[in-house]
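# A structural walkthrough
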Amino acid sequence: MATTLLPGAAVLQVVWAVSALLSLALSLLLTPLIYAILILFGAPFLTHSSHTFLCAAHLAVLALFPLFYVHGVDGAAWKAVGGFSAPLDEVFGGMVGAVVGAWLGAVPIPLDWDRDWQRWPVTILAGMFGGSAPPRA
């Protein structure tokens, strides 16, 4: 049995795919900037650079991808996001939660317990995912 699409459904699928790919590309383009910010905040530079870069990629996908997908490249929306005057919805709350969670996830690292869960960047990623989950639930 052949399935018929509603008029405009194919166009909507193409727009959805282009928007998702553009959001992913913009998020991944900002990954080196997030990597530099992580280095400036004290991440290991010479010893764990690949782990730090992957941590930056996680933060870009968790925090920036939904923002790019929802707001696109609208200047007024990004001005509200940059000025923290955007409404605290799932998308903006997820970004704030991921950043605050990553920050708070760094607390147990210097406690020097020599546990596997304290290794770089396990606690950062756990805080990042834990912080971004509640606003999206």
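Residues numbered from 1 in each chain as written. Predicted model: local features only at pLDDT ≥ 70, side-chain atom pairs only at ≥ 80, totals over all residues. Heavy atoms only, no water.

## Re the overall build of the protein chain
Helix and strand content of the protein chain: six helices and zero strands. Along the protein chain, helices and strands appear, N-terminal first, in the series α-α-α-α-α-α. For a compact globule of 137 residues, the expected C-alpha radius of gyration is about 14 Å, and the protein chain comes in at 18 Å, more than 25% above that figure. The C-alpha extent of the protein chain, read off along each of the three principal axes, is 60 × 40 × 30 Å. Split into buried and exposed, the 137 residues of the protein chain put 32% on the buried side. Summing over all exposed atoms, the protein chain offers an accessible surface of approximately 8,900 Å²; the carbon and sulfur share of this is 74%. (Helix = DSSP H or I, 4+ residues; strand = E, 2+ residues; numbered from the N terminus. Rg over C-alpha atoms; globule rule 2.2 N^0.38 Å. Buried < 20%, exposed > 50% of the residue type's maximum accessible area, 1.4 Å probe, protein only. Areas by Shrake-Rupley, 256 points an atom, 1.4 Å probe, with all protein chains shown as cover.)

## With respect to the side chain of S23
Relative to the assigned elements, S23 resides in helix α1 (residues 9-29). Polar side-chain contacts of S23 include one of 3.1 Å to the backbone nitrogen of Y69. (Polar contact = N/O pair within 3.5 Å; in protein donor to acceptor, adjacent residues only side chain to side chain.)

## Looking at the confidence of the model for the protein chain
In the predicted model, the protein chain carries a mean pLDDT of 87, and the fraction of residues at 70 or more is 91%. Looking at the elements of the protein chain, mean pLDDT is at its lowest for α1, recorded as 82, and at its highest for helix α2 (residues 31-40), recorded as 96. (pLDDT = per-residue confidence, 0-100.)

## Let's talk about a nonpolar patch on the surface
Taken together, the side chains of L30, L33, I37, F41, V100, W103, L104 and V107 define a hydrophobic patch exposed on the protein surface, amounting to about 820 Å² of accessible area. Those elements that place two or more of their residues in the nonpolar patch are α2 and α5 (90-105). Broken down by element, the residue count for the nonpolar patch peaks at three residues, all from α5. Residue V100 is classed as partly exposed on the basis of its relative accessible area, which comes to 42%. (Patch = residues over 30% accessible without salt bridge, like charges linked within 9 Å, V, L, I, M, F, W, Y side chains within 5 Å. Salt bridge = Lys/Arg side-chain N within 4 Å of Asp/Glu carboxyl O.)

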